[in-house]
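Each chain, letter by letter, is given below.
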Amino acid sequence: MKKRLAAVILAFLLIFAAIPAVVTAETIDTRTLATINKPGVVLVNTTWTADVTWYEFAFDADFEDDVWDEIEWMIINDEIGTSDEEMYEAMVWLITNNLEYYAFTTGNVTTEYVSAGVVGSGFIVTPDGYMVTNAHVVETDEDEMYMAFAWSALEDTATEATNAFMADMRRLGYQMSDYEWEMMANAWLSLFAQTMDVNNLRTSYQAFIGNVTPGSDVSAKGKRAEIRRIGASIPGKDIAILKMDATNLPTVTLGDDTDIRTGDQVYAMGYPASATLSDALNIMQAIQEPTLTQGIISARKEMSNGWTIFQTDVDIHGGNSGGPLFNSAGEVIGVNTFGMIDEAGSVAGMNFAIPISVAKEFLNEINVTPTESKFTSDFKRAHAMVESGDYLGAVELLRSINDVNPGFPVVQELLASARQLADANPTTAGQKDDERETTAPLVTEPGKDENKILGMKPTTFYIILAAAIIVIALLVVLILVLKKRSSAKKAQAQGHAPQYYPPQQPYQAPPMQQQLP
């Protein structure tokens, strides 16, 4: 009996101890989410270099006559009216869409060494430099590359030609719209891209991980990377795995996307070009810190070839591609990939992220296991020490982190903050955790921590409490059953066997002497 009771109590203790393990990851405040994940989110730069030869153009004398003939045909067939405005609008459209068919080379050529590139975002998943981004950020698409070369080398030429044409149209009484100007400039660049010769093409990849110091050469601070696994652009699984040659790099934590539902809060982090590479901004400083935006999961959608993708209203733009989409616990649950656009530009609320489970498939194929680095675990611990009031301890740990991995702005910012707090709170700055319990106030986040019970969220506490009550009730019932069996055995040993009803006969209850109310 004692052995059975001891076994039951042991089982109860094991069950009760295991209950907290099934509780989901705790929600963290937005500032903490941003701080601990900034170092592991990188700007990815794909650069192409080549010797490019392009040609001087002239246009067939019949071009203008053919345009006017087409306009007359459109008027006769009631496709446009007879007003000057409608005819000039049709003229711009016809010239823009037929420029390449009437161009011919004069024989004059120019060759230059040209570089062009695209930028995106990514995130590091192992201390030795494996990182995740989009395939379209690093793949060499020939049409896109040639257009980038044309834009890099001949932007001034295309702009000059488009401005001259717009001035001619203004003299005729027609003012081109911004959209028409852009279409005309792109028509010139497309003409150059289709006829240029590209030789000695080279492609390289760099990741900027936030260690750019003021006054330094930005290009010298990028870490070279190589492609280890790459998928296909949308509608394919648009994922690429890159590898940097490094150690103890900052990392992010990968989460589980299976429980993500419509309405869940999510956060996108990355380097949108408009907030990173704008001439109005300090580009060197902008590269040091990724941009954080927030929203919700709008829906799960199915791609044309059968796999699932997240739709979100998080505000993302060009340059965010390949960056992480975090849940409220600061774990990556998606890879920001593309947004819908129309003639007016991007469509609000129509952005899409690939579930992180797809990226995990790519990592598994090359036997890469996401692992948190010592840099990140130490940095998280230092941040927690600042939040709990151990300012001197945080200063010491952050100094150690900065010595091993110098130049991370987010580390230097937290170090400066910890020093300032230590100076402002000399009586508590150096106390240990057990000493601080009776002297320092509990640091809480407004609206969250003050409602905790025994350090747990109320929901978590009540779940554990209910489970404990159920287990205790079962334990009591089991003890009573065992006790009853023990009493029966004692009665049998004294010659008084208990009555029982054989299974062949139905149980007949004895007549009641008095009916109970």
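Quick caveat, the model's predicted, so the values are computed rather than measured.

### Some remarks on the side chain of Thr53
As for its position among the elements, Thr53 is in strand 1 (residues 41–59). What makes Thr53 buried here is its relative accessible area of 13%. One polar contact links Thr53 to Thr111, side chain to side chain, over a distance of 2.7 Å.

### Some words on the pairing of strand 4 (residues 197–208)
Bridge analysis of strand 1 against strand 4 gives ten bridges, and the strand direction is antiparallel. When the bridges of strand 4 are listed, Leu43 appears paired with Phe208.

### Side note on the pairing of strand 9 (residues 308–312)
Extensive coverage of strand 9 is indicated by the burial of four of its five residues. By the bridge criterion, five bridges tie strand 8 (residues 291–302) to strand 9 in an arrangement that is antiparallel. Within strand 9, the residue paired with Ala299 across the bridge is Gln311. Hairpin connection from strand 8 to strand 9: five residues lie between these consecutive antiparallel strands, with Gly306 at a positive phi of about 100°.

### Comments concerning unusual backbone geometry
The phi angle of most residues is negative, glycine excepted, and most peptide bonds adopt the trans form. Geometrically, the link from Ile234 to Pro235 is a cis peptide bond, its omega value of 15° lying close to zero. With respect to the helices and strands, the residue Pro235 is situated in the loop between strand 5 (223–230) and strand 6 (240–244). Despite not being glycine, Asp78 shows a phi value in the positive range, around 60°. Position of Asp78 among the secondary structure elements: in the loop between helix 3 (62–76) and helix 4 (84–98). Residue class for Asp78 comes out exposed when judged on its relative accessible area of 67%. Of note, Asn248 is a non-glycine position whose phi angle comes to about 50°, a positive value.

About the thresholds
- Residues numbered from 1 in each chain as written.
- Predicted model: local features only at pLDDT ≥ 70, side-chain atom pairs only at ≥ 80, totals over all residues.
- Heavy atoms only, no water.
- Helix = DSSP H or I, 4+ residues; strand = E, 2+ residues; numbered from the N terminus.
- Buried < 20%, exposed > 50% of the residue type's maximum accessible area, 1.4 Å probe, protein only.
- Polar contact = N/O pair within 3.5 Å; in protein donor to acceptor, adjacent residues only side chain to side chain.
- Pairing = 2+ DSSP bridges.

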